[in-house]
There are 2 protein chains.
Amino acid sequence: MAKISYVNGRYVHHAEGAVHIEDRGYQFADGVYEVMAFYNRRFVDENLHMKRLARSLAELHIKPPMSAKAMRMVMQELLARNDRIDGTVYIQISRGVAKRDHHFPKIHDSSIVMVITGAKMPKAKEVREGVSVITCPDLRWARRDIKSISLLPNILAKQAATAAGAREAWLVNDKGIITEGAVSNNAIINSKGEIITSPKDNNILGGVTRETVLNLASKAGLKIVERSFSIKEAKAAKEAFLTSTTSNVLPVTRIDGIKVGNGKPGTITMQLLELYYQHIYKQTGKRWS
Amino acid sequence: MAKISYVNGRYVHHAEGAVHIEDRGYQFADGVYEVMAFYNRRFVDENLHMKRLARSLAELHIKPPMSAKAMRMVMQELLARNDRIDGTVYIQISRGVAKRDHHFPKIHDSSIVMVITGAKMPKAKEVREGVSVITCPDLRWARRDIKSISLLPNILAKQAATAAGAREAWLVNDKGIITEGAVSNNAIINSKGEIITSPKDNNILGGVTRETVLNLASKAGLKIVERSFSIKEAKAAKEAFLTSTTSNVLPVTRIDGIKVGNGKPGTITMQLLELYYQHIYKQTGKRWS
């Protein structure tokens, strides 16, 4: 079955999916995106993703290309046209095509692209043993709360991690505070069992998985402290983990080569992962064995 | 004569110019660009632009899609195929098409797009009376020295200026220092006749027009001081101006509604503009009357 993507009103063979060279997404990074996981062809936390997408568009004054209802119909149609049981849908919306000029065009037709790909879940070994992260300076712009396609600093940090053989880069500001990962949120757990994670402000993207996991943790009676934490504090933590749509809850067992706790995935982290698996199961029927 | 653009090896009708939806320029702002002016079909400061383009590519480890010589040939061919005597060429190069993953693809074929447009020179009235600028917080990432397409903060600032009826937004960091404009470099002139402009570091893009104008000023015996200046200092300056490929040297006569000096274009500014006109004339034969 050929891979089919959705581009501005048409379902096309993926290889033929194209946008105009003067799409403002291409010339100015003037757009936003979402990545949503699905299992058994059912989306995880669809409402939260759609809500965040609407917020990102509103923050940048980009007109939604269609109603949320219509967008969900396209997502369903793409699932029907692609041969994937589990996977992710990537949705990108830009301010559309206009003669190149920095200020917004007076009127605009937003562009929308959707692409289905296979699931990119962590390997069993990564979950069992935990992953390594490196730290990098946080070079990003000041509005990380918007899920924009202005991702050049993120890819440079992720590339640095990949080159170092690490799973992710944790971004450190000029005060030594870890804001979040290049492509994920993160948290540490101290010796009192408190889950410490950066507050939801302009310094981080409010991750959907982050939000869900914090809700699950709270319901399970775990203590959550939303505050900044330093690189020093992270390296001295008992446990650490990261969250994202494609990582679920992933134990972090090394930061810059330094063992976190005893160097093995922590018990609270694994409890959170189990709770998150149950959450996915309730929404999609997907089981991890 | 139809508008012809160049896209990845082909000369195409501009309306049909397209790139793949998974071009990393579209998904990640993973690319760089240049804008070069031409008059009488001759480029202004071509060597400086080509040098900067090579630097931007090298900083991001993006493979040049072709030799500089080949790129210049495409530029000439585009001039021949388009009906423009004066105008600009826009050149964009991205890391090319790859399945979406933040880290760099192991191998990549860079994408290249070139578009010719008409000259967008300042209006006679803007030169005669000067322009207004507003100030905005500088929200950009930390590597402004790279001419990347990660321009979302720039377009938001430029849009704020446009909405306020101003020509440009001057970007102010959290210490009250003006770094540069959203789409231009800038300078102020104090009562001693010294030209004060931000030093060429990671906080600003090293503009080609900036460099040329500073060289011309230096040869004319004017004093140049490359140092940071504050918003307060700018508002108390005797003269102010901005430079860019499409603005030449443009007098700034109001900052946030406050008159600069006597509210008219300054004499040194107009001297610099005249020197810049002569510079363009020498390279292209273009005369401003």
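Residues numbered from 1 in each chain as written. Chains lettered and ligands numbered in written order. Predicted model: local features only at pLDDT ≥ 70, side-chain atom pairs only at ≥ 80, totals over all residues. Heavy atoms only, no water.

Caption draft 1: Structural context of the overall build of chain A. Helix and strand counts for chain A come out as eight helices and 17 strands. Dimensions of chain A along its principal axes, counting C-alpha atoms only, are 55 × 45 × 35 Å. At a minimum sequence separation of 6, the contacts of chain A that also span at least 24 residues come to 72%. By element, 51% of the accessible surface of chain A is carried by carbon and sulfur atoms, the whole surface being about 12100 Å². (Helix = DSSP H or I, 4+ residues; strand = E, 2+ residues; numbered from the N terminus. Contact = heavy atoms within 4.5 Å. Areas by Shrake-Rupley, 256 points an atom, 1.4 Å probe, with all protein chains shown as cover.)

Caption draft 2: Region of the structure containing the environment of Val19(B). The residue Val19(B) is located in strand E3 (residues 18-20) in this model. For Val19(B) and Ile112(B), which are 93 residues apart along the polypeptide, the C-alpha to C-alpha distance reads 9.4 Å. Once residues lying within four places of it in the same chain are set aside, the contact partners of Val19(B) are Gly17(A), Ala18(A), Val19(A), Ile21(A), Tyr26(A), Val7(B) and Val113(B).

Caption draft 3: Representation of the packing of aromatic side chains in the model. Residue and element names in this part refer to chain A. For the coordinates displayed, the defined rule picks out 10 aromatic pairs over all chains. Here the aromatic rings of Phe38 and Phe43 are separated by 5.6 Å at their centres, their planes lie at 75°, and the arrangement is edge-to-face. Their ring planes at 15° and their centres at 4.5 Å tell us that Tyr277 and Trp288 sit as a pair that is stacked. Remark: Trp288 occurs in the segment after helix H8 (267-284) and Tyr277 occurs in helix H8; sequence separation between them is 11 residues. Taken together through their ring pairs, the aromatic side chains of Tyr39, Tyr277 and Trp288 make up a single cluster. (Phe/Tyr/Trp six-rings, centres within 6.5 Å; stacked < 30°, edge-to-face > 60°.)

Caption draft 4: Here's a closer look at the sheet that holds strand E4 (residues 31-39) of chain A. Residue and element names in this part refer to chain A. Overall, antiparallel pairing links the six strands, which are arranged E2-E1-E7-E6-E4-E5 in an open sheet. Each edge of the open sheet carries a strand with a single partner, namely strand E2 (10-13) and strand E5 (42-43). Bridge count between E4 and strand E6 (residues 87-94): eight bridges; the pairing is antiparallel. Each bridged residue has a counterpart across the sheet, and for Met36 the counterpart in E6 is Val89. The sheet contacts of helix H2 (residues 46-59) involve E4, E5 and E6, and relative to E4 the element is tilted by about 175°. With respect to the sheet, helix H3 (residues 68-81) is in contact with strand E1 (4-7), E2, E4, E5, E6 and strand E7 (111-118), its orientation differing from that of E7 by roughly 35°. (Pairing = 2+ DSSP bridges. Axes fitted to C-alpha atoms, helices over the stretch in contact; angles between N-to-C directions.)

Caption draft 5: Here's a closer look at the relation of the copies chain B and chain A. When chain B is fitted to chain A, the best match, at an RMSD of 0.0 Å, comes from turning it 180° and sliding it 0.0 Å along the axis. Taken together, these values place the two copies in the relation of a two-fold axis. (Least-squares fit on C-alpha atoms with pLDDT ≥ 70 in both.)

Caption draft 6: Here's a closer look at the nonpolar core. Counting 82 residues, the largest nonpolar core has Ile91(A), Ile93(A), Met114(A), Ile91(B), Ile93(B) and Met114(B) as the members making the most contacts within it. With near-sequence residues (within four places) excluded, Met114(A) lies in contact with Ser5(A), Tyr6(A), Met71(A), Val74(A), Met75(A), Leu78(A), Val89(A), Tyr90(A) and Ile91(A). (Core = buried A, V, L, I, M, F, W, Y, C linked by side-chain atoms within 4.5 Å. Buried < 20%, exposed > 50% of the residue type's maximum accessible area, 1.4 Å probe, protein only.)

Caption draft 7: The arrangement of the environment of Gly285(B) in detail. All names here are of chain B. Structurally, Gly285 can be placed in the segment after helix H8 (267-284). Sequence separation between Gly285 and Arg42 is 243 residues; the distance between their C-alpha atoms is 8.6 Å. Setting aside anything within four residues of it in sequence, one finds Gly285 in contact with Asn40, Arg42 and Ile280.

Caption draft 8: Layout of the pattern of salt bridges. Residue and element names in this part refer to chain A. One pass over the structure, following the stated rule, counts 40 salt bridges over all chains. Residue Arg81 is joined to Glu77 by a salt bridge in which the shortest nitrogen-to-oxygen separation is 2.8 Å. Of this pair, Arg81 and Glu77 both sit in helix H3, four residues apart, which is roughly one turn of that helix. Salt bridges sharing common partners tie together Arg55, Glu59, Arg143 and Asp145. (Salt bridge = Lys/Arg side-chain N within 4 Å of Asp/Glu carboxyl O.)

Caption draft 9: Highlighting the domain arrangement of chain A. All names here are of chain A. For chain A, the assigned domains are domain 1 (4-118) and domain 2 (124-284). Taking only C-alpha atoms, the centre of domain 1 and the centre of domain 2 are 26 Å apart. When the two sides are added together, the surface that domain 1 and domain 2 hide from each other amounts to roughly 1900 Å², 57% of it contributed by carbon and sulfur. Contact with domain 2 buries surface across domain 1, with Tyr33, Asp45 and Arg52 losing the most and accounting together for 30% of the total. Counting across the domain 1 and domain 2 interface gives two salt bridges. Between Glu59 and Arg143 there is a salt bridge whose closest N-O contact spans 2.7 Å. Across the contact surface, domain 1 and domain 2 share 12 residue pairs in polar contact (both at pLDDT 80 or more). The leading source of residues in the side of domain 1 that touches domain 2 is E4, at eight residues. (Domains from an automatic or database assignment. Buried area = accessible area lost by both parts, 1.4 Å probe. Polar contact = N/O pair within 3.5 Å; in protein donor to acceptor, adjacent residues only side chain to side chain.)

Caption draft 10: Broad picture of the interface of chain B and chain A. Taken together, the contact pairs 53 residues of chain B with 53 residues of chain A. Of the roughly 4600 Å² buried between chain B and chain A, counting both surfaces, carbon and sulfur atoms make up 65%. Its largest share of buried area at the contact with chain A, chain B owes to Ile21(B), Tyr26(B) and Leu152(B), together 17% of the area lost on that side. Inspection of the region where chain B meets chain A yields zero salt bridges. Seen at the junction of chain B and chain A, the total is 22 residue pairs in polar contact (both at pLDDT 80 or more). Secondary structure elements with two or more residues in the side of chain B that touches chain A: strand E1 (4-7), E3, helix H1 (24-28), strand E4 (31-39), strand E6 (87-94), strand E7 (111-118) and helix H5 (152-163) of chain B. Ranked by residue count, the leading element in the side of chain B that touches chain A is H5(B), at eight residues.

Caption draft 11: Fine view of unusual backbone geometry. All names here are of chain B. Backbone geometry at Ala29 places phi at a positive 55°, although glycine is not the residue there. Its location among the elements puts Ala29 in the loop between H1 and E4. Judged by its relative accessible area of 1%, Ala29 is buried. Of note in the backbone geometry, His61 takes a positive phi value of approximately 55° without being a glycine. Mapped onto the secondary structure, His61 falls in the loop between helix H2 (46-59) and helix H3 (68-81). Accessibility expressed as a relative area gives 58% for His61, which makes it exposed.

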